[in-house]
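# A structural walkthrough
Spelled out, the chains give:
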Amino acid sequence: MSITMLVYPVFCVLVLGALILQFTASKTQQQIASGNNPHFKKFQYSFFLVYFMALFSDWLQGPYVYKLYSHYGYASNQIALLYVVGFASSVVFGTTTGPIADRFGRKKMALAFCLIYSFCCLTKLSSSFFWLFLGRVFGGISTSMLFSTFESWYVYEHTETHDFPSEWISVTLSKATFWNGLLAINAGIFANVVAETLHFGPVAPFMFAIPFLLLSGIIIAKTWPENYGNTANNLRHSCMEGLRTIIFKEEILYLGIVQSLFEANMYIFVFQWTPILDEHNDTPLGMVFASFMVCIMVGSSLYAILLHKKVSEAKLLTLAVIMAMVSMAICVLTSGNSSLKSITYAAFLLLEVSVGMYFPSIGYLRSQVIPEELRAGIMNWFRVPMNILTCSGLLLLHNQTMISNTESMFAICTIMLAVALVSSMRFSKLFSVVSVAADVLAHSDEKRPLNIDTGKTA
């Protein structure tokens, strides 16, 4: 069966499965307990309202970046350079956005994100390579802000300001992953309508993203309280302190390795699936993309269900890495054979399910092991090797210097995920020891007599 005939029934089955799994996940103990707390629901809504608009504006642009550059007449090698500039910018400048957010305030940095990303969208109005290049530079910085500052703000407010149970962080991150998939599908449809159906052209999605970013900024300014990480150290010291913490704290180091390798694999996959599945320009790419997003929703619901079954977050992270590794290993064997394209498509779907399980797992584990005062900075350090690996993979694929075909790239991805698997298993052991020690300490504190003079345990 061809991919064209396969995609539509697969999409319908996936949607039905996602709805059933989400309904099951909503009945788990943590979901019910958090859902019955009106203060938590109000706080969660204040975060989702802003975060989802930021994500929606990001998803609006994704499908039309390449097409816009091509529309302006740039060759594929020039477009590849612009893509690499975005990742390189995140490496060079992104590491400073975390310490700046920790020191000067995560709310201020979230507001800066809204303004900077709006500027990036405006640069797309020009066909000048200079402005497009500049837009990619600031786009890399904005991406670093989006995937560190918002989560850092949320974790601080959740644990420090409101003192909600830390287990409820998983509830929020699982919901965020589920709705992120739905946002991506709707953003893709909306971008297609304004660009193609209404004939506004490929620049239209970028312009329509700006109102969402500005509205997000207004809501942040009016409703979010400010919170900070380490305000005592200067910028350089904060950057280096974050790096030292990663190097000398094993559990943080291994978690960072997992994140860097898994997400590098994810971004490399983004640039490979289209030419593999659309070899003859007859594949409904929009429906393929939609099926990928539904798989992410399936993965996030599976995460909530398995968590309810007492499977730990660390084990769920390991499971996500295993699923991704199996997916890439299958692609090594099938991606070069057109007659096996349906199996390759199934492997891609498995990868996206693993992504849906990965994000809430890694988000919760980061909230538990990264020190609050260095949270945003360390999260951005995690993205440095990921961006370097992604840039290297794209350049090697484009120039065909060392990697001449997609099978070789998938083989490299499989090896990266094997290293991520070993690191995840090592992290799981370290994290279980740390968790047991924390439980013992908490239990012993409960047993100690209270000192009446100080109000503290003896």
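Per chain, the residues get numbers from 1 upward, laid out in the order the sequence is written. For this predicted model, a pLDDT threshold of at least 70 governs which residues receive local features, and a threshold of 80 or more governs which side-chain atom pairs are given and counted, while totals over whole chains, interfaces and linings are taken from all residues. Side-chain measures here rest on the full set of heavy atoms in the structure, leaving out hydrogens and waters.

### A look at the overall build of the protein
In terms of helices and strands, the protein carries 19 helices and 0 strands. Our radius of gyration is a C-alpha quantity, and the globule rule it is checked against amounts to 2.2 Å times the number of residues to the power 0.38. Against the globule reference of 23 Å for 458 residues, the protein gives a C-alpha radius of gyration of 22 Å, in line with a compact fold. The principal-axis extents of the C-alpha atoms in the protein amount to approximately 80 × 45 × 45 Å. Relative to its 458 residues, the protein shows a buried fraction of 52%. Note on definitions: a residue-residue contact is assigned when non-hydrogen atoms from the two residues lie within 4.5 Å. Partitioning the contacts of the protein with sequence separation of at least 6, the portion at a separation of at least 24 is 84%. Computed with a 1.4 Å probe, the accessible areas rest on the Shrake-Rupley method; for each residue, only the protein chains presented here act as cover. Of the roughly 20100 Å² of accessible surface on the protein, a fraction of 67% belongs to carbon and sulfur atoms. Working convention for charge: Lys and Arg count positive, Asp and Glu count negative, and His plus the chain ends are omitted. By convention, charge coordinates are those of NZ in Lys, CZ in Arg, CG in Asp, or CD in Glu. With 27 positive and 25 negative side-chain charges, the protein shows a spacing of 3 Å between the two charge centroids. Counting from the N terminus, the helices are DSSP H or I runs at least four residues long and the strands are E runs at least two residues long. Residue burial is assigned from relative accessible area. The probe radius is 1.4 Å, only protein chains are included, and a residue is buried under 20% of its type maximum, exposed over 50%, and partly exposed in between.

### Description of the pattern of salt bridges
Side chains bearing opposite charge may pair, as long as their charged atoms lie close to each other. What makes a salt bridge here is a side-chain nitrogen of Lys or Arg within 4 Å of a carboxyl oxygen of Asp or Glu, nothing more. Scanning the entire structure with this criterion turns up 7 salt bridges. As a salt-bridge pair, Glu372 and Arg106 come within 2.7 Å of each other at their nearest N and O atoms. Of this pair, Glu372 sits in the loop between helix H17 (341-369) and helix H18 (375-399) while Arg106 sits in helix H7 (residues 106-123); the two residues are 266 residues apart in sequence, bridging distant segments of the chain. In this structure Arg106 comes out as buried when scored by relative accessible area, which is 0%.

### Here we look at the side chain of Gln259
Residue placement: Gln259 occurs in helix H13 (residues 250-270). Classification of Gln259 by relative accessible area gives buried; the value is 5%. A polar contact is formed between the side chain of Gln259 and the side chain of Arg366, at a distance of 2.8 Å. Residues within four places of Gln259 in sequence aside, it is in contact with Tyr358, Ile362, Arg366, Met379, Phe382 and Arg383. Each polar contact in these results corresponds to two N or O atoms within 3.5 Å; when the atoms are within protein, one needs to be able to donate a hydrogen and the other to accept it, and residues that are neighboring in sequence are counted only if both atoms are side-chain atoms.

### Here's the deal with the environment of Phe23
When you line up the elements, Phe23 lands in helix H1 (residues 3-26). Distance in space between the C-alpha atoms of Phe23 and Ala221 is 34 Å, their sequence separation being 198 residues.

### So, the packing of helix H10 (residues 168-197) against H17
To get an axis, fit a line to the C-alpha atoms, keeping to the stretch in contact for a helix; angles then go from 0 to 180 degrees between the N-to-C directions. Interaxial distance between H10 and H17 falls to 9 Å at its minimum, and their mutual angle equals 150°. Where H10 crosses over H17, the handedness of that crossing is right-handed. Residues Ile169, Ser170, Leu173, Ser174 and Thr177 of H10 form the contact with H17, whose own contacting residues are Gly356, Phe359, Pro360, Gly363, Tyr364, Ser367 and Gln368. Of the residues in the contact of H10 with H17, the class split is 5 nonpolar, 7 polar and no charged. Left-handed describes a crossing in which the near helix is turned anticlockwise from the far one by less than a right angle; the clockwise case is right-handed. Throughout this entry, Asp, Glu, Lys and Arg are counted as charged residues, while Ala, Val, Leu, Ile, Met, Phe, Trp, Tyr, Cys and Pro are counted as nonpolar. The remaining residues, Gly among them, count as polar.

### What about a nonpolar patch on the surface?
Taken together, the side chains of Ile189, Phe190, Val193, Leu198, Phe200 and Phe208 define a hydrophobic patch exposed on the protein surface, amounting to about 510 Å² of accessible area. The greatest single-element share of the nonpolar patch, amounting to 3 residues, is contributed by H10. Like-charged residues are merged into a patch within 9 Å and nonpolar side chains (Val, Leu, Ile, Met, Phe, Trp, Tyr) within 5 Å, provided each residue has over 30% relative accessible area and no salt bridge.

### Thoughts on the confidence of the model for the protein
The score called pLDDT rates the predictor's confidence residue by residue, from a low of 0 to a high of 100. In this model, the protein carries a mean pLDDT of 87, and residues with pLDDT of at least 70 account for 92%. Under a pLDDT of 50 for its full length, residues 450-458 has, in the predicted model, 11 contacts with residues more than four places off or in other chains.

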